[in-house]
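# An overview of the molecular structure
For reference, the chains in residue letters:
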Amino acid sequence: MESSQRTVTEKLAAARADLADRDGVLIAFSGGVDSSVVAAIAAEALGEDAVACTARSETLPEAELQEAKRVAEEIGIRHETVEFSELDSEAFVENDGERCYHCRSMRLSAMFDRAHELGIGTVCDGTNASDPGEGHRPGLQAVDELDAYSPLLEHGITKEEVREIAEYYDLSVADKPSMACLSSRIPTGLEVTEEKLTRIEKAERVLRTWGFEQFRVRDHDGIARIEVGAEELE
């Protein structure tokens, strides 16, 4: 595993040593490649003092929750769930340009509450070193404000290197495409409702059943726009 300046191996060793120094960590865990790599490093560094935690809400497809449980089992890390509802937040429902900020704030707050219950002092997330350069990312502001710790970002591990580390740990999600939450399928400015989220989830479940892997169903007030990866168009 080679990379410019420090090698990926050196970055991984530094991240592992960093987490091993902590009394325990709770990882905000989606089952995507970023949070799975953080969970794998933490599990190796801390054993039973590492906990993966997935937040259940209307914007998380049931299939993604089941996938998170499966990946946590694959890693061999304890898995917890917390429940909250983004639809309780008027600011989130309005769906302005800061929707991701409101969502991430609520999600991470729920993580900190569970960590406090478990007597764990550090909450980690999967922000990597490529994320801050990807334009407007209001969710990152929430990570910063709530003082969540991002070991991948801290140790300069890029998205490409995250996938290398996932392969090193033999994780089944090494090549998994990024999945945004269901509310990202509703255009900015259109209200987020449970009805819309449910019909988007059902439509995407059908596409998954048909064998598509990278896709989005966007909800334009009753009109569905289906996007699939270029190689799956045919």
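See above for the structure.
All of the points below concern the structure found in this document.

Cut-offs applied
Once a new chain begins, its residue numbering starts again from 1 and follows that chain's sequence as written. Note on the predicted model: pLDDT of at least 70 is required for a residue's local features to be given, and 80 or more for side-chain atom pairs to be given and counted; whole-chain, interface and lining totals, by contrast, use all residues. Each side-chain value is derived from all of the structure's non-hydrogen atoms; neither hydrogens nor water enter the calculation. As used in this record, nonpolar core signifies buried Ala, Val, Leu, Ile, Met, Phe, Trp, Tyr and Cys residues forming a set joined through side-chain atoms within 4.5 Å. Relative accessibility under 20% of the residue-type maximum defines a buried residue, over 50% an exposed one, and the middle range a partly exposed one, all with a 1.4 Å probe and only protein chains included. Every helix listed is a DSSP run of H or I at least four residues long, and every strand listed is a run of E at least two residues long, numbered separately from the N terminus. Residues are treated as being in contact if the distance between any of their heavy atoms lies within 4.5 Å. Expected helix span is given by 1.5 Å per residue-to-residue step, counting one fewer step than there are residues. Only a pair of cysteine sulfur atoms within 2.5 Å qualifies as a disulfide here. To define axes, lines are fitted to C-alpha atoms, for helices over the stretch in contact only, and angles between the resulting N-to-C directions are given on a 0 to 180 degree scale. Note on angle classes: values under 35 degrees are labelled roughly parallel, values over 145 roughly antiparallel, values of 65 to 115 roughly perpendicular, and the remainder oblique. We call a crossing left-handed when the near helix sits turned anticlockwise from the far one by less than a right angle, and right-handed when that turn is clockwise. The residue classification treats Ala, Val, Leu, Ile, Met, Phe, Trp, Tyr, Cys and Pro as nonpolar and Asp, Glu, Lys and Arg as charged. All others, Gly included, are polar. Pairing of aromatic rings covers Phe, Tyr and the six-membered ring of Trp, with a centre-to-centre limit of 6.5 Å; geometry is then stacked below 30 degrees between planes, edge-to-face above 60, and tilted otherwise. Cation placement over rings: the criterion is NZ of Lys or CZ of Arg within 6 Å of the ring centroid and within 35° of the ring normal. For this analysis, a salt bridge means a side-chain nitrogen from Lys or Arg found within 4 Å of a carboxyl oxygen belonging to Asp or Glu. For two strands to pair, DSSP has to find at least two bridges joining them.

Here we take up the nonpolar core. Counting 34 residues, the largest nonpolar core has V25, F29, V37, I75, I77 and L171 as the members making the most contacts within it. The set of elements that each furnish at least two residues to this core consists of α1 (8-20), β1 (25-28), α2 (33-46), β2 (50-56), α3 (62-75) and α8 (159-168). The residues touching L171, leaving out its near neighbours within four places in the chain, are S36, V37, A40, E74, I75 and A166. A28, L108, A110 and V123 belong to the second-largest nonpolar core, a separate cluster that totals 14 residues.

Turning our eyes to something else, we now look at α2. If you check α2, its first and last C-alpha atoms are 20 Å apart, about what 14 residues at 1.5 Å a residue would give, namely 20 Å. With 12 of 14 residues buried, α2 is to be regarded as a mostly interior element. The complete set of buried residues in α2 reads V33, D34, S35, S36, V37, V38, A39, A40, I41, A42, A43 and L46. Trailing α2 by a residue or two, G47 shows a phi angle of about 60°, which is positive.

Here the focus is the state of the cysteines. One pass over the full model with this rule turns up 0 disulfides. C53 supplies the cysteine sulfur nearest to C124, a cysteine that is in no disulfide, at a spacing of 12 Å.

Contact geometry of α2 with α8 gives a least axis separation of 9 Å together with a crossing angle of 55°. Comparing their axes, α8 and α2 come out oblique. Here α2 runs over α8; the crossing is left-handed. Every residue of α8 that contacts α2 at V33, D34 and V37 is listed here: K159, V162, R163, I165 and A166. The residue inventory of the contact of α2 with α8, partitioned by class, reads 5 nonpolar, no polar and 3 charged.

A word on the packing of aromatic side chains. Tallied over the entire structure, the rule returns 1 aromatic pair. Between the aromatic rings of Y168 and Y169, the centroid separation amounts to 5.0 Å while the plane-to-plane angle is 75°, which identifies the pairing as edge-to-face. The buried category is assigned to Y169, whose relative accessible area is 19%. Directly above the aromatic system of Y149 lies the positively charged group of R22, at a separation of 4.2 Å from the ring centroid.

This next bit is on the pattern of salt bridges. Applying the stated rule across the entire model yields 17 salt bridges. A salt bridge links E161 to K11, with the nearest nitrogen and oxygen atoms 2.9 Å apart. With E161 in helix α8 and K11 in helix α1, this residue pair connects regions lying 150 residues apart in the sequence. For the pair E161 and K11, a shared accessibility class is recorded, and that class is buried. Here the salt bridges share partners, and the residues they tie into one network are R78, E80, R114 and E117.

This brings us to the sheet that holds β2. The 4 strands lie next to each other as β3-β2-β1-β4, forming an open sheet whose pairing is parallel. Lying at the two open borders of the sheet, with one neighbouring strand each, are β3 (78-83) and β4 (122-124). Within the sheet, the average angular offset between the axes of one strand and its neighbour, ignoring direction, is 30°. Where β1 lies against β2, 4 bridges are found, and the strand directions are parallel. Its bridge partner being in β2, V25 is matched across the sheet by A50. Sitting on the sheet, α2 touches β1, β2 and β4, and the angle it makes with β1 is about 165°.

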